[in-house]
Amino acid sequence: MRIVGLTGGIGSGKSTVSNLFKAHGIPVVDADVVARDVLKKGTGGWKKVVAAFGEDILLPDGEVDRPKLGRIVFSDPQKRQILNRFLAPYISSGILLEVLKLWMKGCKIIVLDVPLLFETKMDRWTNPIVVVWVDPETQLHRLMARDGTTEEDSKSRINSQMSLDLKRTKADILIDNTGSLADLNENFQKVLVQVTRPLTWTEFALS
Ligand code: ATP
């Protein structure tokens, strides 16, 4: 089974590209969905978060108040590190389980949509790696428009991640998503050909 890595920066357009893969019948394992599941009320991840951040972090129904937790960890690198350490094992095993389910169904190509693909070293599982890049100004404006967040808040979220320019250097396939959605659709057709073509023996040996 070929596992295509899909990553980029916050608001660079990963989900938009991921939807294009799905629309072309290629299944996607979405790390954000897994990450949400591991924080659900009563799970191991939920218990660790409540123990570390207190019950103030919970909504009246007992679920984690994600925006509140986000504000806390995005403004405090040490707390972000603590949360990452707690959740990392739950998220990576959750992703692996989803990959296994698709493998057992006989899928030949799947996409792993992981915002922190490089940071978590999951890039070792994937080949090729597709990076969705966008210029910094467009990234900031799309993020503010989508989430209704302030410029300051959006910048701190962008700066908390590995730089998008560094991710770009690690791409096997780069999608420049600075243009319109129509441009993206056009670029995506070429990407689709690249990820679905058979590997050469050299690529196979080195993958
Ligand atoms: P996150 O890491 O936060 O999940 P993401 O990388 O998945 O973000 P998207 O949600 O796909 O990013 O895109 C961010 C916003 O930009 C969305 O509102 C999306 O509709 C919009 N967008 C994506 N690509 C384009 C484009 N080419 N032109 C205009 N808007 C776009």
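Worth saying up front: this structure is predicted, and the values here are computed from it rather than measured.

Chemist: Help me out: how do you make sense of the pairing of strand 1 (residues 2-8) in this one?
Modeler: Side chains on a regular strand alternate between the two faces of the sheet. The buried fraction of strand 1 is high, at seven of seven residues. Neither face of strand 1 is left uncovered, since the one carrying R2, V4, L6 and G8 and the one carrying I3, G5 and T7 both have all their residues buried. As paired strands, strand 1 and strand 3 (residues 109-113) are joined by five bridges and run parallel to one another. Counted as the bridge partner of I3 is I110 from strand 3. Sheet analysis places strand 1 next to strand 4 (residues 129-133), joined by four bridges and oriented parallel. Residue pairing for strand 4: L6 is matched across the bridge by V130.

Chemist: Just to check I follow, could you spell out unusual backbone geometry for this structure?
Modeler: Across residues other than glycine, the phi torsion is negative in most instances, and most of the peptide bonds are trans. Backbone torsion omega between N127 and P128 reads 0 degrees, so that peptide bond is classified as cis. Structurally, P128 is set in the loop between strand 3 and strand 4. Located in the positive-phi region is K121, a residue other than glycine, with phi close to 65 degrees. With respect to the helices, strands and loops of the structure, K121 is situated in the loop between strand 3 and strand 4.

Chemist: Can you help me understand the layout of surface pockets in this one?
Modeler: Regions of empty space are outlined by a rolling probe, equal in size to a water molecule, passed over the atoms. What the largest pocket holds in volume is close to 1800 Å³. With eight residues, helix 5 (residues 77-104) is the largest single contributor of residues to the lining of the largest pocket. In terms of residue class, the lining of the largest pocket is built from 20 nonpolar, 16 polar and 14 charged. Two domains each put at least three residues into the lining of the largest pocket: domain 1 (1-27 + 108-207) and domain 2 (39-106).

Calculation rules
Residues numbered from 1 in each chain as written. Predicted model: local features only at pLDDT ≥ 70, side-chain atom pairs only at ≥ 80, totals over all residues. Heavy atoms only, no water. Buried < 20%, exposed > 50% of the residue type's maximum accessible area, 1.4 Å probe, protein only. Helix = DSSP H or I, 4+ residues; strand = E, 2+ residues; numbered from the N terminus. Pairing = 2+ DSSP bridges. 1 Å grid on protein atoms, 1.4 Å probe; cavity = no way out; pocket = protein on both sides within 12 Å on 5 of 7 lines; lining within 4 Å. Points joined across faces, edges and corners; volume = space filled by probe spheres on them. Nonpolar A, V, L, I, M, F, W, Y, C, P; charged D, E, K, R; others polar. Domains from an automatic or database assignment.

Read these as spatial facts, not as claims about activity.
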